[in-house]
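# Overview (structure and organization)
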Amino acid sequence: MYAGEIVESAPASQIRTDPQHPYTRGLLDSFPPLTGEMRRLVGIAGAPPDLAAPPAGCRFHPRCPLCVPEHAARFARQTTEQPKLREVAPEHFVACHLVEGAQG
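Residues numbered from 1 in each chain as written. Predicted model: local features only at pLDDT ≥ 70, side-chain atom pairs only at ≥ 80, totals over all residues. Heavy atoms only, no water.

In this section: unusual backbone geometry. A positive phi angle is found at A3, which is not glycine, with a value near 50 degrees. Non-glycine residue E91 carries a positive phi angle of around 65 degrees. Relative to the helices and strands, E91 is located in the loop between β2 (86–89) and β3 (92–94). (Helix = DSSP H or I, 4+ residues; strand = E, 2+ residues; numbered from the N terminus.)

If you want it as structure tokens, here you go:
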């Protein structure tokens, strides 16, 4: 869940091994491993949005490392159209225009 919206829903094992939403990936990269080798932690750039005035389109787009102006068509959709939660695999739901585009 990000900024009051569900962005990804799947069984925990699926989320852990195959995260689809950029926010989910960012969360997983920001936690230290409980077992195995230590690895460099990576935070999510930026700050959470003001929920009284959330950004248009995808609420994560201002912080999304994949949503960049260089990809004008994709960027326009991210900033104007709120993604719908849809099934990308059995029991795996994601709300992301980038995943929608990758899935066909």
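Read on, since the account is not over.
In this fold, Q20 is placed in the loop between α1 (12–17) and α2 (22–29). Look at Q20 and you get buried, because its relative accessible area is 13%. (Buried < 20%, exposed > 50% of the residue type's maximum accessible area, 1.4 Å probe, protein only.)

The pairing of β2 with β3 spans three bridges and is antiparallel. Looking across to β3, one finds that R86 is bridged to V94. Taking the residues that link successive antiparallel strands as the turn, the β2-β3 hairpin has two residues, and the phi of E91 there is positive, at about 65 degrees. (Pairing = 2+ DSSP bridges.)

Let us look at the nonpolar core. With 13 residues, the main nonpolar core has Y2, Y23, F60, C64, V94, C96 and V99 as its most contacted residues. Sequence-distant contacts of C64, that is, excluding residues within four places in its chain, are made with P22 and L98. (Core = buried A, V, L, I, M, F, W, Y, C linked by side-chain atoms within 4.5 Å. Contact = heavy atoms within 4.5 Å.)

A word on the sheet that holds β3. Strand order in the open sheet formed by three strands is β1-β3-β2, and the pairing between neighbours is antiparallel. What marks the edges here is a single partner per strand, and that holds for β1 (8–9) and β2.

Take F31: it is sitting in the loop between α2 and α3 (72–80). If near-sequence neighbours (up to four positions away) are discounted, F31 is found in contact with R39 and L41.

Taken together, the side chains of M1, I6 and L85 present a nonpolar region at the surface, about 310 Å² in accessible area. With respect to the element layout, L85 can be found in the loop between α3 and β2. (Patch = residues over 30% accessible without salt bridge, like charges linked within 9 Å, V, L, I, M, F, W, Y side chains within 5 Å. Areas by Shrake-Rupley, 256 points an atom, 1.4 Å probe, with all protein chains shown as cover. Salt bridge = Lys/Arg side-chain N within 4 Å of Asp/Glu carboxyl O.)

Before going further, it helps to spend a moment on the packing of aromatic side chains. Throughout the structure, instances matching the rule amount to three aromatic pairs. An aromatic cluster of at least three residues, connected via ring pairs, comprises Y2, Y23 and F60. (Phe/Tyr/Trp six-rings, centres within 6.5 Å; stacked < 30°, edge-to-face > 60°.)

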